[in-house]
Amino acid sequence: QQQVKQSPQSLIVQKGGIPIINCAYENTAFDYFPWYQQFPGKGPALLIAIRPDVSEKKEGRFTISFNKSAKQFSLHIMDSQPGDSATYFCAASKHRDDKIIFGKGTRLHILP
Amino acid sequence: EAQVTQNPRYLITVTGKKLTVTCSQNMNHEYMSWYRQDPGLGLRQIYYSMNVEVTDKGDVPEGYKVSRKEKRNFPLILESPSPNQTSLYFCASSPGGGPSTYNEQFFGPGTRLTVL
């Protein structure tokens, strides 16, 4: 019940395409869903985060869609660029709980 | 520059030889955490600390120890390393209560550990 299931494991998209990465969770107590981006040789860095009081959040070319009833959330990257090639992790946590659960990651490659 | 630093960045050791990976942050963050990253398994939390002298287990604490004697430092100790602890380790820090208060975590550059 504490898992966050992320798919796909890897993804290859042409430049300009819209890669979509999906995550699903079981614990309905989760109320904070961040996405982290990790470039090779670097630590992860926060990309965008959402709380379940909204169904969508957009920051630049990155959008999180959130479906509370389905217990799913996804990351969309509009007009993807080769510089977006990285590993993306979704995560979930809940208020007053000090732990955070990460998905297993998606390795994204954007072809020039 | 606000940052989380880890040392060493790379370490090759042998089974049973005690080692410490240091982590330091200069952002006056209360929350600090250690993760390991393994192919196909993503990021898994080892230990975390809400503040000085307050530490707790994450999902994979076996074989690891931590301490938090100062706010800025959170070392990870492997008393008797084994080959299954070969991994990429990340330290992170966060203001306030960390994930429990919806705060961003700032990650260090990672330490690649190989245990032979």
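Structural notes, computed from the coordinates.

Reading guide: rules and limits
- Residues numbered from 1 in each chain as written.
- Chains lettered and ligands numbered in written order.
- Predicted model: local features only at pLDDT ≥ 70, side-chain atom pairs only at ≥ 80, totals over all residues.
- Heavy atoms only, no water.
- Disulfide = S-S within 2.5 Å.
- Helix = DSSP H or I, 4+ residues; strand = E, 2+ residues; numbered from the N terminus.
- Buried < 20%, exposed > 50% of the residue type's maximum accessible area, 1.4 Å probe, protein only.
- Polar contact = N/O pair within 3.5 Å; in protein donor to acceptor, adjacent residues only side chain to side chain.
- Contact = heavy atoms within 4.5 Å.
- Core = buried A, V, L, I, M, F, W, Y, C linked by side-chain atoms within 4.5 Å.
- Pairing = 2+ DSSP bridges.
- Axes fitted to C-alpha atoms, helices over the stretch in contact; angles between N-to-C directions.

Regarding the state of the cysteines
Right, on to step 1. By the definition in use, this model includes two disulfides over all chains.
Right, on to step 2. The disulfide partner of Cys23(A) is Cys90(A), and the gap between their sulfur atoms is 1.9 Å. An S-S torsion of about -95° defines the bridge between Cys23(A) and Cys90(A) as left-handed. Residue Cys23(A) is located in strand E3 (residues 20-25), and its partner Cys90(A) is located in strand E9 (residues 86-92); the two are separated by 67 residues in the primary sequence. For the residue pair Cys23(A) and Cys90(A), the accessibility class agrees, reading buried in each case.
Right, on to step 3. Between the sulfur of Cys23(B) and that of Cys91(B) lies a disulfide, 1.8 Å long from S to S. For the disulfide bridge between Cys23(B) and Cys91(B), the dihedral angle about the S-S bond is near -70°, and by the sign convention the bridge is left-handed. Of this pair, Cys23(B) sits in strand E3 (residues 19-25) while Cys91(B) sits in strand E9 (residues 87-94), and the two are 68 residues apart along the sequence.
Right, on to step 4. Residue class for Cys91(B) comes out buried when judged on its relative accessible area of 0%.

Digging into the side chain of Ser49(B)
Residue and element names in this part refer to chain B.
Right, on to step 1. Structurally, Ser49 can be placed in strand E5 (residues 42-51).
Right, on to step 2. Engagement of the side chain of Ser49 in a polar contact is seen with the backbone oxygen of Asn51, the distance being 2.9 Å.
Right, on to step 3. A polar side-chain atom of Ser49 sits 2.7 Å from the main-chain carbonyl oxygen of Val54.
Right, on to step 4. Aside from chain neighbours lying at most four places away, what touches Ser49 is Glu30, Tyr31, Met32, Val54, Thr55, Arg68 and Phe74.

Some thoughts on the nonpolar core
Right, on to step 1. Core analysis: the largest hydrophobic core is formed by 25 residues, its most contacted members being Val4(A), Phe33(A), Trp35(A), Phe73(A), Leu75(A) and Tyr88(A).
Right, on to step 2. Of all elements in the fold, only strand E2 (10-14), E3, strand E4 (33-38), strand E5 (45-50), strand E7 (62-67), strand E8 (72-77), E9 and strand E11 (106-111) of chain A reach the threshold of two or more residues within this core.
Right, on to step 3. Ranked by the residues each element gives to this core, the list is headed by E9(A), at four residues.
Right, on to step 4. If near-sequence neighbours (up to four positions away) are discounted, Val4(A) is found in contact with Cys23(A), Ala24(A), Phe30(A), Phe73(A), Cys90(A), Ala92(A), Ile101(A), Phe102(A) and Gly103(A).
Right, on to step 5. Formed by 19 residues, the second largest nonpolar core is a distinct cluster that contains Met32(B), Ile46(B), Val60(B) and Val115(B).

Points about the sheet that holds E3(A)
Two strands in a sheet stick together by hydrogen bonds in their backbones, pointing the same way (parallel) or opposite ways (antiparallel).
All names here are of chain A.
Right, on to step 1. Strand order across the open sheet formed by five strands is E1-E3-E8-E7-E6, with antiparallel pairing between neighbours. Lying at the two open borders of the sheet, with one neighbouring strand each, are strand E1 (4-7) and strand E6 (56-59). Shown here is a sheet whose adjacent strand axes are inclined to one another by a mean of 15°, direction ignored.
Right, on to step 2. Note that E6 and E7 share four bridges and pair antiparallel. Counterpart to Glu59 in the pairing with E7 is Phe62.

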